[in-house]
Amino acid sequence: MLDVTAANEIADDARVRANVVRLAAAQALTGANSAVIFATGAIVGATLAPDMSFATVPISMYVVGLAAGTLPTGAISRRFGRRVAFVIGTGLGTLTGLLGSFAILHGSFALFCVATFLGGLYGAVAQSYRFAAADGASAAYRPKAVSWVMAGGVFAGVLGPQLVQWTMDVWQPYLFAFSFLVQAAVALVAMGIVAGVDMPKPAPADLHGGRPLLTIVTQPRFIAAALCGVISYPMMNLVMTSAPLAMKMCGLSVSDSNFGIQWHIVAMYGPSFFTGTLIARFGAPKIVAAGLLLEAGAAGIGLSGLTAMHFWATLIVLGIGWNFSFIGASALVLETHRPQERNKVQAFNDFLVFGMMAIGSFSSGQLLANYGWSAVNLVVFPPVILGLVVLSLVSWARRRKARLDAAMGEFPDAV
């Protein structure tokens, strides 16, 4: 019986590995979507907006779309299967590029904001790639599957900026119009890749099975995982989006800020090649804690000076901290639900994370403009401390329960 179980796990992991390759490639291509929007959104916004104060609205609309798309992605995945959700997402990505290019050619700020909102919906679907990679995997392989898919972001960090660089001047005087058209073509390529993902449609029993969502999300372990994700991603986004403008305010060049952002993206995704192995060896809570401490360390570096080197070091350490804390928090979420509950739980978790990001995206500019770069860094510390305290308490309670159960000759139920 044990041999049959082991054989099934090996077969499942082989299927999962094939999916991981496809999803990592899709992650790299999808990254071009966000890279194009973040690299061009404010510039195009400043050109098309009726007032300069609205220049960053297109980027905020992207983040709003990211938050708005999480729950529908989960619902579609649960009803029709993840592959259908992925194809719909890449379709939205194609529409993003086409509409964005059309908006630039016709000088429509409103249409451009609609395009970036659709880009956010595409990004929301792509965020589920990391969870999808773990579907059907053995417990030992799940963190590695999540980590390898996230590693696709390294190539996104190279592909996206280069796509903009090669195409931005093709349709003069319509700066970036051709960039969005090429982004639409990249989304079509991603559609072909995700269409081959081997993820069967959910069984009818899974549509109504499992515990109520409220029961699952009130588990201490889920609360700790979601809280750490909510802290990790928005805090990283706050510092990352503020850094280029802060560097400009300090008299540094655009080249300096581009260099910092490029290496920040590499630092965000580069560790993914081994983060899963670290989680499997040391446990997700320890990796999450290390990541949160690194984010706090990055804020400390940001407070220590205003040279280009200080900004670069802040962004690189921040990226590594995000990688550890966010992938670790994602691995923790996987421990809190049963297979038939995964879509609704994972979608709710991402809704919390990106909903908080959406709120933060509208306030980060005001925080920097009114209170300065130091205030941006100081804001990082209280949430990080809260996350570390909650994570420590939940981990301690879990270990204590395990010891008591062992002393009574019982084993804790698997969740």
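The model shown is predicted, which means the values in this text are computed figures rather than measured ones.

Draft legend 1. Inspection of empty space enclosed by the protein at higher detail. Inspection of the entire model under this criterion finds three cavities of 30 Å³ or more. Considering only enclosed or pocket space, the largest cavity measures out at about 90 Å³ in volume. Taken together, 13 residues form the lining of the largest cavity, with T73, S128, Q346, A347 and D350 sitting closest to its centre. Of all the secondary-structure elements, those providing two or more residues to the lining of the largest cavity are α3 (70–80) and α16 (342–371). The dominant element in the lining of the largest cavity, judged by the number of residues it contributes, is α16, at five residues. Taken together, the residues of the lining of the largest cavity sort by class into three nonpolar, seven polar and three charged. Mapped onto the domain boundaries, the lining of the largest cavity takes at least three residues apiece from domain 1 (8–204) and domain 2 (209–414).

Draft legend 2. Representation of the environment of L48. Mapping L48 onto the fold places it in helix α1 (residues 2–48). A relative accessible area of 16% places L48 in the buried class. For the pair L48 and P58, spaced ten residues apart in sequence, the C-alpha separation works out to 10 Å.

Draft legend 3. Inspection of the pattern of salt bridges at higher detail. According to the stated counting rule, one finds two salt bridges in the structure shown. Ionic pairing is found between R221 and E335, a salt bridge with its closest N-O pair at 2.8 Å. With R221 in helix α11 (residues 220–249) and E335 in the loop between α15 (308–334) and α16, this residue pair connects regions lying 114 residues apart in the sequence. When its relative accessible area of 32% is taken as the criterion, E335 is described as partly exposed.

Draft legend 4. The arrangement of the domain arrangement of the protein in detail. Per the domain assignment, the segments making up the protein are domain 1 (8–204) and domain 2 (209–414). Just the C-alpha atoms count here: the centres of domain 1 and domain 2 sit 21 Å apart. Interface of domain 1 and domain 2: buried area, both sides summed, is about 3,000 Å²; carbon and sulfur atoms make up 71% of it. Three residues, R78, F131 and M150, lead the burial of domain 1 against domain 2; their summed loss comes to 19% of the area buried on that side. Applying the counting rule to domain 1 against domain 2 returns zero salt bridges. On the surface where domain 1 and domain 2 come into contact, there are two residue pairs in polar contact (both at pLDDT 80 or more). Those elements that place two or more of their residues in the side of domain 1 that touches domain 2 are α2 (57–68), α3, α6 (129–132) and α7 (142–167). Element by element, the count of residues in the side of domain 1 that touches domain 2 is highest for α7, at twelve residues.

Conventions and cut-offs
Residues numbered from 1 in each chain as written. Predicted model: local features only at pLDDT ≥ 70, side-chain atom pairs only at ≥ 80, totals over all residues. Heavy atoms only, no water. 1 Å grid on protein atoms, 1.4 Å probe; cavity = no way out; pocket = protein on both sides within 12 Å on 5 of 7 lines; lining within 4 Å. Points joined across faces, edges and corners; volume = space filled by probe spheres on them. Helix = DSSP H or I, 4+ residues; strand = E, 2+ residues; numbered from the N terminus. Nonpolar A, V, L, I, M, F, W, Y, C, P; charged D, E, K, R; others polar. Domains from an automatic or database assignment. Buried < 20%, exposed > 50% of the residue type's maximum accessible area, 1.4 Å probe, protein only. Salt bridge = Lys/Arg side-chain N within 4 Å of Asp/Glu carboxyl O. Buried area = accessible area lost by both parts, 1.4 Å probe. Polar contact = N/O pair within 3.5 Å; in protein donor to acceptor, adjacent residues only side chain to side chain.

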